[in-house]
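Structure at a glance
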Number of protein chains: 2
Amino acid sequence: MDAVAIVSELALKARAAARTLSSSTGAQRKAALLAIADEIDKRSAEIVAANAKDIERAHADAMHPQTVDRLFLTPERVKGIANGARLVADLEDPLGHTLRESTLPNGLHLLQKSVPFGVIGMVYEARPNVTVDAAVILLMSGNAALLRGSSSAAASNQVLVNVMRDALATTKISPEVLQLVPSDDRATVKALLNARGKVDLVIPRGSAALIRMVVDESTVPTIETGAGVCHVFVDESADIEKALPILINSKTHRPSVCNAAETLLVHRSIAATFLPMALIALSDAGVILHCDATSQKVADTFKIASTLATEDNWCTEYGVLEMNVAVVDSVDAASDHIAKYGTNHTEAIVSEDQSSIDRFIALSDCAAVMVNTSTRFTDGEQMGFGAEIGISNQKLHARGPMGLEAMTTTTWIVTGNGQIRN
Amino acid sequence: MDAVAIVSELALKARAAARTLSSSTGAQRKAALLAIADEIDKRSAEIVAANAKDIERAHADAMHPQTVDRLFLTPERVKGIANGARLVADLEDPLGHTLRESTLPNGLHLLQKSVPFGVIGMVYEARPNVTVDAAVILLMSGNAALLRGSSSAAASNQVLVNVMRDALATTKISPEVLQLVPSDDRATVKALLNARGKVDLVIPRGSAALIRMVVDESTVPTIETGAGVCHVFVDESADIEKALPILINSKTHRPSVCNAAETLLVHRSIAATFLPMALIALSDAGVILHCDATSQKVADTFKIASTLATEDNWCTEYGVLEMNVAVVDSVDAASDHIAKYGTNHTEAIVSEDQSSIDRFIALSDCAAVMVNTSTRFTDGEQMGFGAEIGISNQKLHARGPMGLEAMTTTTWIVTGNGQIRN
């Protein structure tokens, strides 16, 4: 079978089985998730053994150590995956909520309630934990899942899906709601992206290149996630005691994720004070610096290595310990830089002046503005959602961290007793 | 300039001017809409004269009379357009609403509020009233608008945009927030659909072919509107006194719009009673019938002309007085037919049996289920939204009629006093 036929068949199986989800109670879905968590715990050794095959292949392919680490599953990490499923099982059921309700003058009763999308495709890269993390969020929100992971995690993903389906077989939910899309053929991604009418939504998680491909190729609606060129702007009124830890945390706490900062913008009035300590602290933390002319002078003065930043640098989501630095003349100039180079994800301002903060917020066009705090807080768990399936940096449907609620749509039920329109 | 450059320039002008909208108060936007309404009233004769040129060209091109009618503006219709703008001006401001707010254990304050998208492109067909209807909804929700109407309405659209921009020039809102995209080149549609990063959202309104093109071509996020193959299902327990008017209203009240019904499904148990009167009433109303074998026998018995429905018929949104008829064995069979041929828009059930109604709702996957009422009620104004920019029949972001609220997105403002992530 070709990729289109394979994906089409998986989608139809998932859609047929999705009725067991759309007609299920929250308690039944919760029980299904707990069964999955228990089965993962029980079969941890099997999962780790399958993962070892992926790791062996990764080493043979000379994969980057950081990528190997993302792929790697230890018994402890498997335990973490199972516990993640339990956390989602404990969240409030997002389905069947009444969102709006009214009775019109003509007697029609209007009820808008939350319902599942139906079948959601996930396209993601190396991390095998996403296979479970995504599956349980989609199941809890009543959606069947087509999971298209990376070929580098093929053995891990296969056993994780087997384990979850075996667990579902003991519950009211059909195992067919989870389908692993073969990753041995790149064409299955395109087939998934074009399974319009069969797949209701596709969510890509991964590199900017992956997301761009999804946006370009897809006829199925998508939610763009992840690409984050985030900025930390240190205003003239900034409290340096706050600014320095916020900067270092935003850049170095976990540089590989989308809410890590890539660019530091410093108000000219505070540059003489703040820049030397900022550049030294970044350099001490192992951050490679790409500076504008003004900040490079400061770097040179303190014998800190740097390159002169190019247009490419300002646009780059490094994912590693590299950072751009620029001096700007005002809040507006900072916002102009961000509007030009940012990706509408997360922008931080460090300032003690409320009018500067308000102006920065008003000029921002992003999923989250961080005021005197780290960019790293744009995160579903940190923001109290309990779990997240990704961080949307598009404006349609969901913006910022997406929890269970973002995986639902709505329907109107309009009840009358024979009304017609005049 | 080529189409890409033209659209790019218009989008950048609109985005720069959009700051006058995103920083405006609701009262300022309301005043802008009232100024637009007054200017339309004042220059009604000019608008009608420009429209006369489009009508003349339409006649010369032997345009279908129904399409000419959609294009046609009378002084009365112009008055209606102005009053429509006044109705939108009276609606509640959709911006700045607090959607969620909380304080986390670490002291971070989270605020999610509604904000404009930014720049929204509209791609639509003949009706020139859409130029104003869409513009005022987008302005009231704080968005700049790129309006790409039909070349057949070019003169009407140009004068309507001139009038609106002249009105804006007297207000706090920059006239540049409204941009008419030239319709003399089809390439401008594609340029608009691919102005990713410059345009935040594109909404197509029009034929299935237009919407399909938008879905296929667009890299800008879109909201699919309009294609409606809607069904009326008459259950075995239906009250025929309700069923007949609902059927006739759903099909004939305004056959050209998306919430008109295209297919009648009749439960076998009630077919002998209901079908003869239904087919006679439809035929008397001038409806051309496309029947399945069972219903065609009934049509033949009563000497009502019909064709045997083909696969194409079941999928067709006629937009005119034609209707498919089929007899089904159960609620589930009706739902199966709808799942196979429907477009997830509006499905009606006529039934006095709550368990059948509940089953029909549970199996439906559409924007609106009508219970004992006409499909024609899936409409923003009828549902009390005050105005609508279109009817979404996708599941992402907005489903069903879209009012002002659907034209907003959200942002998070996270305020701390130096918190970093551990």
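Just so it is clear, the model here is predicted, and its values are computed rather than measured.

**Notes on the overall build of chain A**
A count of helical and extended segments in chain A gives 15 helices and 16 strands. Taken against the 2.2 N^0.38 rule, which gives 22 Å for 422 residues, the C-alpha radius of gyration of chain A at 24 Å falls within 12% of a compact globule. Overall, the C-alpha framework of chain A stretches about 70 × 65 × 35 Å when taken along its three principal axes. A buried classification covers 55% of the 422 residues belonging to chain A. Excluding contacts between residues fewer than 6 apart, the proportion of contacts in chain A whose partners are at least 24 apart in sequence is 72%.

**Examining the sheet that holds strand β16 (residues 408-419) of chain A**
Two modes of strand pairing occur in sheets, parallel and antiparallel, and in both the strands are linked by backbone hydrogen bonds. Read from one edge to the other, the open sheet built from 10 strands follows the order β1(A)-β2(A)-β16(A)-β13(B)-β12(B)-β7(B)-β8(B)-β11(B)-β9(B)-β10(B), with strand pairing classed as mixed. Of all the strands in the sheet, just β1 (98-103) of chain A together with β10 (307-308) of chain B have a single pairing partner and so form its edges. Here strand β7 (residues 230-234) of chain B pairs with strand β12 (residues 346-350) of chain B via 4 bridges, running parallel. Looking across to β12(B), one finds that Phe233(B) is bridged to Ile349(B).

**Focus on the interface of chain A and chain B**
On the side of chain B, 54 residues touch chain A, which itself brings 54 residues to the contact. Tallied by class, residues from the side of chain A that touches chain B come to 24 nonpolar, 22 polar and 8 charged. In this structure, strand β13 (residues 368-373) of chain A lies alongside strand β16 (residues 408-419) of chain B, joined through 5 bridges in parallel fashion. Looking at the pairing, Val369(A) lines up with Ile413(B) of β16(B).

**Regarding the domain arrangement of chain A**
All names here are of chain A. The domains assigned to chain A are domain 1 (3-224 + 394-414) and domain 2 (230-377). Each of domain 1 and domain 2 was reduced to a C-alpha centroid, and the two centroids are 35 Å apart. Contacts between domain 1 and domain 2 engage 4 residues on the former and 4 residues on the latter. For the side of domain 1 that touches domain 2, the per-class residue count stands at 1 nonpolar, 2 polar and 1 charged.

**Details of the pairing of β16(A)**
Judged from the 8 bridges that link them, strand β2 (residues 109-116) of chain A and β16(A) form a sheet pairing that is antiparallel. Bridge pairing in β16(A) links Leu110(A) to Val414(A).

**Focus on the packing of helix α11 (residues 268-284) of chain A against helix α12 (residues 293-301) of chain A**
Residues and elements named next belong to chain A. Put simply, α11 and α12 touch, their axes get as near as 10 Å, and they point 65 degrees apart. Between α11 and α12, the crossing angle belongs to the class labelled roughly perpendicular. Crossing of α11 over α12 shows right-handed handedness. From α11, Leu275, Pro276 and Leu279 reach across to α12, where they touch Ser295, Val298 and Ala299. Across the contact of α11 with α12, the residue classes break down as 5 nonpolar, 1 polar and no charged.

So, how was this worked out
- Residues numbered from 1 in each chain as written.
- Chains lettered and ligands numbered in written order.
- Predicted model: local features only at pLDDT ≥ 70, side-chain atom pairs only at ≥ 80, totals over all residues.
- Helix = DSSP H or I, 4+ residues; strand = E, 2+ residues; numbered from the N terminus.
- Rg over C-alpha atoms; globule rule 2.2 N^0.38 Å.
- Buried ≥ 20, exposed ≤ 12 C-beta atoms within 10 Å, placed from the backbone.
- Contact = placed C-beta atoms within 7 Å.
- Pairing = 2+ DSSP bridges.
- Nonpolar A, V, L, I, M, F, W, Y, C, P; charged D, E, K, R; others polar.
- Domains from an automatic or database assignment.
- Axes fitted to C-alpha atoms, helices over the stretch in contact; angles between N-to-C directions.
- Parallel < 35°, antiparallel > 145°, perpendicular 65-115°, else oblique.
- Left-handed = near helix turned anticlockwise from the far one by under 90°.

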